[in-house]
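So the chains spell out like this:
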Amino acid sequence: LDWLLTHLNLYYRFIYFRRTSSSMQWSSDGQTQKLLTGTPSTEYKACQTSDSLETGSTKSEPVWSEGTAERARQCLFLVQFMQQMAFAGIIVDSYQVGRLLGVSPAFSGLLVGLFMTGGAVGTSAMTLVLHVMPEAWKELRGILLTCQSMDLIGALLYTMLIHWAVHGAPGAPGAPGTPGMAGISAIALVRFLWGLGSGVTGQLAGVAITKMTPPGELPERMQCLQFWQTLGLGMGPLIVGLAIFADGLPFAPSVGPAKLCAAPATLATFQILVLLTVFQHCPASIQAWQSSNSSGQVSGVTLNPEKQPARVQVLFLCSCFLLCALRGYAVAGAEVGTSLLLETPYGWNRHSIGFLVSGTFLASIPLRSTYLSIRDSFSVVAWIRILSLVAIGGTTLVFSRVTHIVSGGVILVLADAVMFPALYLGEGLTRGLMMQFAKENAIFSVNLSSFLAIVLNNVARTIAPWLSRLNLSAGDDPSEGQNLFAACQLTCCILFLGVFEAGVRHVTPAARPVLVIGLPSLNEAENIEALTKVVDEGCQRYFPQHRCLLVNADCQSSDGTAAIFAQTQTRCEKVSLRTALPAEGKGAALKLVFSCMVEVNAAHGICLDTDLKTMTPEWIRAFSLALQYDFAVPRYLRHRCDGFITNMVVYPSICAVFGYDIRQAIGGDFGFSRRAAEAFLAQTWPAKVKKYGIDIFMTTTVLKRGYSMVEVELPPKIHSPNLPKIKNMLPEVVGILLSQLDCETFHMDLRHLPRIPWHSDKPMTIPEVKVDPAIFVNLAELCFKEHQQCILAHAPAALDLPAALASPTTTMDAATWVQLLHWALTTDTEREAVVRILSCCFFLRSARHCADVQEITNEEAESLVLAQRDALRYVAMKSCG
């Protein structure tokens, strides 16, 4: 179980965000905003590092930590897994137990449901405790150990009673027992008491996970909880089937009563293992998640953003409660009914039924994997509808006319394999949204919402086994009972979709995925309004299924850029953020965008330079086609005298080291997934990353982690010229590039990324750019004078910079530059010295390249860049032998 806990949870849990970045203080700027998780329109006032927060606090109160919360969640997942396994594991034996006791098949179904009845009572008790003592959930370990001990006692007592029923009382060994009404009542009572612990921990799990989880992560965590419950329902029959398989002849046509002790004894053994695991791994106490906001309020996220009328709120939550009940009835009824159909008309033995019923629940594994891989293709609402229709389709396979198409009951198993995972996943999505609403809701608290959802589900699961087997027993012909059972199941699945359409869809705007468009700015007052309007139009046109959030991360502009952005009328929501220091850098601004993206649980983000002059809504369309990838890099048509840092340094280095033909690795305009944003935030941010080094930092981070990438073709980019700031930009970009490429190896193959073509009827023309090569010569001379001592001390022996600067031509050819670039990528020389040497030589090389391309076409100039790229790859290949 410890291995199962570690490996399965690592695969299915979602990556959490460790708040190592600056904490955010949010205040309203007066605009009404509606986000998925509910942040009002906000303005970022200041940054406080975690260090400053710690030094400013003298209290030693317990604080929330992700590590402790994650361990607690894992233990809750494991306990829920075990308790669902205990519920489902007895199903395989329930009919034979009923025959042994001499009761009807309907009572055997009721025996299964009594476990959930006990769960309902346990849930009620825990709800009262949490109502009287709201902080009791923090003592998680003590409650879990108590409940697991109760479950263990229940499993042992149930095993003992079944043993007595089979073999007789201790005073009469070897003689079959005659349980009578007292024995039947005792078995039913123990089964009821066995479920008490399940109810307590079920309510505890719903409340504790909601309390100790950041609001933006709640849907995914509730999904994970639902998956573990489904896994338990599948593993119960499987493990019990294996136990029965090991006890006697596996293919016996009839099962002897002696085997009836195998199922409860096996479950009791697993109960002991779970108890020991919780004792070892569960933290003694946990704390509620709180924002790092110094004001104590939840930063960036509130859970009722729409300010819906009370009637709509009640309708939404009540619909969710009813959906939980319908899902419980459909699944429990189908599981019990299918077991009886396979055993009676089709003559399957119990271990085979255990294996097959288990397999139908374990079908949730591939379905969930499929959902995770393509979930961004549809909205949450669309997913719920799709899954509901899939469940309805699976239920139609239960009718006798369909099951008789293939002999042996195979279609019955197929029906359950389709219906079970679809219902669980659909209800899990709904429950995640419900808990988001309930966390701050004035009508239904977290405690009350979790209680109602669990109780209604348990009541439905209590009724379903009894009613399903009662339906199957109706009529003289077995097909009549089967059709009645199928009709009830179909009605339940149709009601699931109908209730969803009637109630939940009224608040579906909050269920749409969030897209964050980051607009980092510094003194862009002349362009920010026009750019914001174009982005807003593009989002409305090409992201109709998303809730688009325009985030202006301003570096304390002195020209009123942030105010102009806030006053610009848009249909998309807007948030204004501000860096801690004036002119702190583009990287510092984008770090705020990444943090905001994680805070609001956005699935995807886009960042655009705010000095763009040629931005059109079609740029947004191009990025909208790249949502299935973790990172989208631009591929512009650029003038031959533009992009010198890219052409001379970044492009050949990326191709040689990573083996990917990424033409614009520092293009400035990118698309990225939440996973990529979390990867950016998880790393240490040197000062250079907070400035111009951010673009290459993002691209190389994604490459090093092996995330999926795509190139997005874009028209020529016209923006503020980079040449005036190239002196400051170059050492920052080169420094981060060399740092990120440290310990990387060269790749001989050159692979091309998938590319999204640009679609437009308008021809793409590149505006003419004039650059004087003498500018680069002057920069080279200035760089050499500033760092002459360092350059002369560390430059390669073959490089005679003083002679090159004294030469009338004062330039560097491509062959020399390639050798120097290869040296920079492989040397152990102090990195800062390498950056200075490379910067000085870069200006010499750029002067030569600028002079060479003055009188040729852009296409011919591009061939020179490609030749230089291939020359570096050739040198790298020779050095590697």
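These notes cover the structure that comes with them. Numbering of residues begins from 1 in every chain and follows the order in which that chain's sequence is written. Whole-chain, interface and lining totals are the exception, using all residues; otherwise, since this is a predicted model, local features are given only for residues with pLDDT of at least 70 and side-chain atom pairs are given and counted only at 80 or more. Values shown for side chains rest on all heavy atoms present in the structure; no hydrogens or waters enter the calculation.

What counts as a helix is a DSSP run of H or I of at least four residues, what counts as a strand is a run of E of at least two, and both are numbered from the N terminus. Looking only at helices and strands, the chain has 32 helices and 10 strands in total. Across the 881 residues of the chain, 58% fall into the buried class. Here, residues are in contact when the closest pair of their heavy atoms is within 4.5 Å. Of the contacts formed within the chain by residues at least 6 apart in sequence, a portion of 85% connects residues at least 24 apart. Total accessible area on the chain is roughly 33,600 Å²; 59% of this is exposed by carbon and sulfur atoms. For every residue, the accessible area obtained with a 1.4 Å probe (protein chains only) is divided by the maximum for its type, and the residue is called buried under 20%, exposed over 50%, and partly exposed between those limits. Every accessible area reported is derived by Shrake-Rupley at a probe size of 1.4 Å, with residue values counting cover from the shown protein chains alone.

Attention shifts here to the pattern of salt bridges. Opposite charge on two side chains makes pairing possible when the charged atoms of those side chains draw close. By definition, a salt bridge exists where a carboxyl oxygen of Asp or Glu is found within 4 Å of a side-chain nitrogen of Lys or Arg. For the coordinates displayed, the defined rule picks out 28 salt bridges. Put simply, glutamate 70 and arginine 73 hold a salt bridge, and the shortest N to O gap is 3.0 Å. Here glutamate 70 and its partner arginine 73 are both found in helix H3 (residues 66-89), three residues apart, which amounts to about one turn of the helix. Like arginine 73, glutamate 70 is buried. A network of salt bridges, in which partner residues are shared, links Lys586, Asp609, Asp669, Asp695 and Lys717.

Take empty space enclosed by the protein next. Space inside and on the surface of the protein is sampled on a 1 Å grid over the protein atoms alone, with a cavity defined as a set of points where a 1.4 Å probe fits but cannot get out and a pocket as an open set with protein on both sides within 12 Å along at least 5 of 7 lines; lining residues have an atom within 4 Å of a point. Grid points are joined across faces, edges and corners, and a volume is the space filled by probe spheres set on the points. Throughout the structure, instances matching the rule amount to 10 cavities of 30 Å³ or more. By volume, the largest cavity is sized at about 220 Å³. Those elements that place two or more of their residues in the lining of the largest cavity are H3, helix H8 (196-212), helix H9 (218-246), helix H11 (310-343), helix H16 (410-438) and helix H17 (446-472). Tallying contributions element by element places H17 first for the lining of the largest cavity, with five residues. Under the scheme applied here, ten amino acids are nonpolar (Ala, Val, Leu, Ile, Met, Phe, Trp, Tyr, Cys and Pro), four are charged (Asp, Glu, Lys and Arg), and all others, including Gly, are polar. Taken together, the residues that form the lining of the largest cavity break down as seven nonpolar, nine polar and four charged. For the second largest cavity, the calculated volume is near 90 Å³. Looking at the second largest cavity, the residues that line it are Gln223, Gln226, Phe227, Thr230, Ser364, Leu367, Arg368, Pro421, Tyr424 and Leu425.

Moving on, we get to the nonpolar core. Throughout this description, the term nonpolar core refers to a set of buried Ala, Val, Leu, Ile, Met, Phe, Trp, Tyr and Cys residues connected via side-chain atoms within 4.5 Å. Judged by nonpolar contacts, the single largest core of 124 residues is most densely connected at Leu144 and Tyr158. Per-element tally for this core: the top contributor is H11, with 16 residues. Aside from chain neighbours lying at most four places away, what touches tyrosine 158 is Ile90, Val97, Leu111, Ile187, Val190, Arg191, Trp194 and Pro264. Listed in part, the 95 residues of the second largest apolar core include Leu577, Phe670, Val689 and Val702.

Structurally, serine 449 is set in helix H17. The class of serine 449 is buried, set by a relative accessible area of 0%. Linking serine 449 and methionine 434, residues 15 residues apart in sequence, is a C-alpha distance of 8.1 Å. Those residues in contact with serine 449 that sit more than four places away from it in its chain are Phe321, Met434, Ala438 and Phe444.

Mapped onto the secondary structure, methionine 709 falls in strand E9 (residues 709-714). Linking methionine 709 and phenylalanine 672, residues 37 residues apart in sequence, is a C-alpha distance of 9.1 Å. Not counting the four nearest positions on each side in its chain, methionine 709 is found in contact with Tyr629, Phe631, Val633, Ile662, Thr699, Val702, Leu703, Leu753 and Pro754.

It is worth spelling out unusual backbone geometry at this point. One non-glycine residue, asparagine 523, lies in positive phi territory at about 55°. Looking at the element boundaries, asparagine 523 is found in the loop between strand E3 (514-521) and helix H19 (528-542). Phi is positive for alanine 583, which is not a glycine, with a value near 50°. Assignment of secondary structure puts alanine 583 in the loop between strand E5 (573-578) and helix H21 (586-599).

With that out of the way, let us pick up a nonpolar patch on the surface. Two joining distances apply to patches: 9 Å for like charges and 5 Å for nonpolar side chains (Val, Leu, Ile, Met, Phe, Trp, Tyr), and every residue must have over 30% relative accessible area and no salt bridge. Where nonpolar side chains cluster on the molecular surface, the patch consists of Ile153, Leu157, Met160 and Trp164 and spans about 340 Å² of accessible area. Residue position: methionine 160 is located in helix H6 (residues 140-167).

This part takes up the pairing of E9. Buried residues dominate E9, accounting for five of its six residues. Two strands pair if DSSP finds at least two bridges between them. Note that strand E7 (residues 631-636) and E9 share six bridges and pair parallel. Bridge assignment links alanine 632 to a residue of E9, and that residue is valine 710. Here E9 pairs with strand E10 (residues 755-756) via two bridges, running parallel. Its bridge partner being in E10, glutamate 711 is matched across the sheet by arginine 755.

What follows deals with helix H27 (residues 773-786). Its 14 residues give H27 an end-to-end C-alpha distance of 21 Å, which sits within 8% of 20 Å, the value for a rise of 1.5 Å per residue. Buried within H27 we find Pro773, Phe776, Val777, Leu779, Ala780, Cys783 and Phe784. Along the axis of H27, the buried residues cluster in a sector spanning 165°; they form a single face. Residue count minus one, scaled by 1.5 Å, sets the expected span of a helix. By arc we mean the arc of the directions from the helix axis to the C-beta atoms, nothing more.

Let us look at the side chain of arginine 873. Relative to the assigned elements, arginine 873 resides in helix H32 (residues 858-879). Residue contacts for arginine 873: discarding those within four places in its chain leaves Cys655, Ala656, Met748, Asp749 and Leu750.

Another aspect to go through is the packing of aromatic side chains. The pairing test for Phe, Tyr and Trp rings, Trp by its six-membered ring, is centres within 6.5 Å, and the orientation test on the planes gives stacked under 30 degrees, edge-to-face over 60, and tilted for anything in between. For the coordinates displayed, the defined rule picks out 14 aromatic pairs. Consider the rings of phenylalanine 594 and phenylalanine 672, whose centres lie 5.2 Å apart with planes at 90°: the pair is edge-to-face. Separated by 78 residues along the polypeptide, phenylalanine 594 in helix H21 and phenylalanine 672 in strand E8 (residues 670-673) bring together distant segments of the chain. Its relative accessible area of 0% is what places phenylalanine 594 among the buried residues. Ring geometry for phenylalanine 842 against phenylalanine 843: centres 5.4 Å apart, planes inclined by 65°, an arrangement best described as edge-to-face. For phenylalanine 843, a relative accessible area of 3% puts it in the buried group. Taken together, the ring pairs in this structure connect Phe594, Phe631, Phe670, Phe672, Phe680, Trp685 and Phe697 into an aromatic cluster. Charge over a ring is defined by NZ of Lys or CZ of Arg lying within 6 Å of the ring centre and within 35 degrees of the ring normal. For the cation-ring pair, arginine 663 lies above tyrosine 651, with the distance from its terminal atom to the ring centre recorded as 4.5 Å.

In this model H32 runs 32 Å from its N-terminal to its C-terminal C-alpha over 22 residues, within 8% of the 32 Å that 1.5 Å per residue would give. Buried residues of H32: Ala861, Val865, Gln868, Arg869, Leu872, Arg873, Val875 and Ala876, and no others. An end-on view of H32 places all buried positions within 160° of arc, on one side of the element. For H32, the exposed residues set more than 90 degrees away from the buried face come down to Glu859 and Lys878. The secondary structure elements touched by the buried residues of H32 are helix H23 (644-658), helix H30 (814-826) and helix H31 (831-852).

This part takes up the environment of leucine 114. By the element assignment, leucine 114 lies in helix H5 (residues 105-132). The sequence separation of leucine 114 and phenylalanine 192 amounts to 78 residues, and the corresponding C-alpha distance is 5.0 Å. Beyond its immediate sequence surroundings of up to four residues, leucine 114 is in contact with Ala188, Arg191 and Phe192.

Angles run from 0 to 180 degrees between N-to-C directions of axes, and those axes are lines fitted to C-alpha atoms, restricted for helices to the stretch in contact. Two elements in contact, helix H24 (residues 674-682) and helix H25 (residues 694-705), have axes separated by 10 Å at closest approach and are oriented at 105°. It follows from the interaxial angle that H24 and H25 lie roughly perpendicular. Note on element contacts: H25 touches H24 through Phe697, Met698, Thr701, Val702 and Arg705, opposite Ala676, Ala679, Phe680 and Ala682. Of the residues assigned to the contact of H24 with H25, the class counts are seven nonpolar, one polar and one charged. Oblique is the label for every angle not falling under 35 degrees (roughly parallel), over 145 degrees (roughly antiparallel), or within 65 to 115 degrees (roughly perpendicular).

As a further point, take the pairing of strand E4 (residues 547-554). Among the eight residues of E4, eight are classified as buried, and the element is accordingly described as predominantly covered. The side-chain alternation of E4 yields two buried faces, one formed by Arg547, Leu549, Val551 and Ala553 and the other by Cys548, Leu550, Asn552 and Asp554. Where E3 lies against E4, eight bridges are found, and the strand directions are parallel. Paired with leucine 515 across the bridge in E4 is cysteine 548. As a crossover connection, the stretch from E3 through H19 into E4 is right-handed. Strand direction decides the pairing type here: E4 and E5, joined by six bridges, are parallel. The residue bridging leucine 549 from the neighbouring strand is glutamate 573, located in E5. Viewed with both strands pointing away, a crossover whose connecting path from the first strand over the helix to the second turns clockwise is right-handed. Crossover handedness for the path E4 to helix H20 (residues 561-567) to E5: right-handed.

Nothing here speaks to function; it is all geometry.
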